[in-house]
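What follows is the residue order along each chain.
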Amino acid sequence: MFENLLSFDPDADESALIEGIASLERLKAAAAARQARLTAALDAARRSTEAASGVPAARRGRGVATEVALARRDSPVRGGRHLGLAKALVHEMPHTLAALEIGALSEWRATIAVRESACLDIEDRRRLDAELCSDVGRLDGLGDCALAAAAKAIAYRLDPHAVVDRASRAPQDRTVSIRPAPDTMTYVTALLPVAQGVSIYAALKREADVCCDGRSRGQVMADTLVERVTGRPADQSVPIAVNVVISDQSLLGAGNAAAVIAGYGPVPSAIAVNLINDAVADQRSWATLRRLYATPATGALVALESRARIFPKGLVDFIGLRDQRCRTPYCDAPIRHRDHARPHRLGGKTSSVNGLGLCEGCNYTKEADGWKVDATTAENGTHTAEFTTPTGACYHSTAPPMPGTPQTPFAA
Ligand SMILES: [Zn+2]
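Residues numbered from 1 in each chain as written. Predicted model: local features only at pLDDT ≥ 70, side-chain atom pairs only at ≥ 80, totals over all residues. Heavy atoms only, no water.

Caption draft 1: Structural context of the side chain of Arg-46. With respect to the element layout, Arg-46 can be found in helix α2 (residues 14–52). Ignoring anything within four residues of it in the chain, the contact list for Arg-46 reads Gly-61, Val-64, Glu-67, Pro-390 and Thr-391. (Helix = DSSP H or I, 4+ residues; strand = E, 2+ residues; numbered from the N terminus. Contact = heavy atoms within 4.5 Å.)

Structure, rendered in structure tokens:
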């Protein structure tokens, strides 16, 4: 049946093309339902094996979310969501799972139903599941927002206190994050309780209302935000070190390899040179240029090593600049820990080769039972980490190439 769907007939008429698109959508939903069953089964199997071998209850199933993520080529954070969704669907929401199985819900809409019922106890969650999804005909034509609204209304009717409690706990999730935007710009996003968010925006708008120096309203608001947070005028460089990795040729104007801003990613070398020139020109924030060179032929950075178990500061900086982001495949999270790939207690060295930049979650995951990580540096300087999970599945990640390193084009 699937072979039929996956083959492409160039002579098919338009209605056959539309029917093919609809059938494949149903197949994707059915595949998501099957993945949920397999995921919940893996979690249950792992927990019972670990229980039998005496692993304490609190430590059971620790790396499963990341194993699911690696198998799905997704980040560990999303792996956690996939695992949570699978367990909720299989153990608590059979009607939603059935709707997914026949394609009446997409994986995302099933996620919405699970998300909106997460604050309920298990009996109420089962009632919501039945009320929302037992008659799949009523799901026809419901968009994401309409489905979320229907689920919210049922949840509120079943247990208003649980819904209010959840809303009152939400401010605990307040946070600030950063991600790259096109043209060497960046988005700094704050997730805030609504009153604080609205008052920040109102304060910036007030500033724009009274300012008439030729800047646009958006520019005034952005400049005011920078000034109030950093305590300095927006057009002055900020006295916080911005780590820029750039090849010597590019710094001296001879090369045009991209430079890398730590915590941001690659930028054109001309922009990095401007940043460095600005910092050098500003006496309050002298640029510190750190030498991290090694063999010029390969572009590999110096191999550093320490006898101590704790990574010394120079090595910590080095690993952070080399790895740039968490080294677990697909993770992308900022680096929080610089730790041993092979643990120190098993003879792993405190060295640049055996050191890995990881986010906090991934560093704990790799310590779970049955996980093994090995790191090597090839002759051309490429640093590779190999992650082996408890099932024996094996995944690799390589450190991004350093600016100025001779490299093959990404698409090659
Ligand atoms: Zn990570």
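Now that the structure has been shown, we can carry on.
Caption draft 2: Quick peek at the pairing of strand β12 (residues 394–398). The two faces of β12 differ: Tyr-395 and Ser-397 on one face are buried, but Cys-394, His-396 and Thr-398 on the other face are not. The sheet contact formed by strand β11 (residues 383–388) and β12 spans five bridges and is antiparallel. Within β12, the residue paired with Phe-387 across the bridge is Tyr-395. Between β11 and β12, which follow one another and run antiparallel, lie five residues, and Gly-392 among them has a positive phi close to 90°. (Buried < 20%, exposed > 50% of the residue type's maximum accessible area, 1.4 Å probe, protein only. Pairing = 2+ DSSP bridges.)

Caption draft 3: Seen up close, the coordination of the zinc ion. With distances of 2.3 Å, the protein atoms coordinating the zinc ion are Cys-326 (SG), Cys-331 (SG), Cys-359 (SG) and Cys-362 (SG). Taken together, the four donor atoms coordinating the zinc ion and their angles of 97 to 116° define a geometry best described as tetrahedral. Along the chain, the residues donating to the zinc ion are arranged with the sequence spacing C-x4-C-x27-C-x2-C. Of this pair, Cys-326 sits in the loop between α14 (313–323) and β7 (337–340) while Cys-359 is found in the loop between β9 (355–358) and α15 (360–365), placing the two residues 33 residues apart along the sequence. You can call Cys-359 buried: its relative accessible area is 11%. (Donors = N, O, S within 2.8 Å, 3.2 Å for Na, K, Ca; no water. Tetrahedral: all angles 85-135°; square planar, octahedral: opposite > 155°, others 65-115°.)

Caption draft 4: The sheet that holds strand β10 (residues 372–377), seen in detail. Read from one edge to the other, the open sheet built from three strands follows the order β10-β11-β12, with strand pairing classed as antiparallel. A strand with exactly one partner marks an edge of an open sheet, and here the two such strands are β10 and β12. Strand-to-strand twist across the sheet, computed as the mean angle between neighbouring axes with direction ignored, equals 20°. (Axes fitted to C-alpha atoms, helices over the stretch in contact; angles between N-to-C directions.)

Caption draft 5: Structural context of the nonpolar core. Core analysis: the biggest nonpolar cluster contains 29 residues, and Leu-89, Leu-100, Leu-105, Leu-128 and Leu-132 have the highest contact counts within it. Of all the elements, helix α8 (residues 144–158) adds the most residues to this core, at five residues. Counting residues in hydrophobic clusters, the runner-up holds 11 residues, among them Cys-331, Leu-356, Leu-358 and Phe-387. (Core = buried A, V, L, I, M, F, W, Y, C linked by side-chain atoms within 4.5 Å.)

Caption draft 6: How the structure looks around the environment of Gln-324. Within the fold, Gln-324 resides in the loop between α14 and β7. Along the sequence, Gln-324 and Pro-400 sit 76 residues apart, while their C-alpha atoms lie 7.8 Å from each other. When near neighbours in sequence (up to four residues on either side) are disregarded, Gln-324 contacts Val-260, Ile-319, Ile-335 and Pro-400.

Caption draft 7: Inspection of the pattern of salt bridges at higher detail. Applying the stated criterion across every chain yields a total of 25 salt bridges. Between Arg-37 and Glu-101 there is a salt bridge, and its shortest N-O distance comes to 2.9 Å. Taken as a pair, Arg-37 in helix α2 and Glu-101 in helix α5 (residues 94–101) lie far apart in primary sequence, 64 residues in all. For Arg-37, a relative accessible area of 38% puts it in the partly exposed group. Look at Glu-101 and you get partly exposed, because its relative accessible area is 29%. (Salt bridge = Lys/Arg side-chain N within 4 Å of Asp/Glu carboxyl O.)

Caption draft 8: Looking closely at the environment of Gly-20. By the secondary structure assignment, Gly-20 is in helix α2. When its relative accessible area of 23% is taken as the criterion, Gly-20 is described as partly exposed.

Caption draft 9: Representation of the confidence of the model for the chain. For the chain, the mean per-residue pLDDT works out to 86, and 84% of the residues sit at or above 70. Segment residues 285–296 is flagged for pLDDT under 50; beyond a separation of four residues in sequence, or across chains, it makes 23 contacts in the model. (pLDDT = per-residue confidence, 0-100.)

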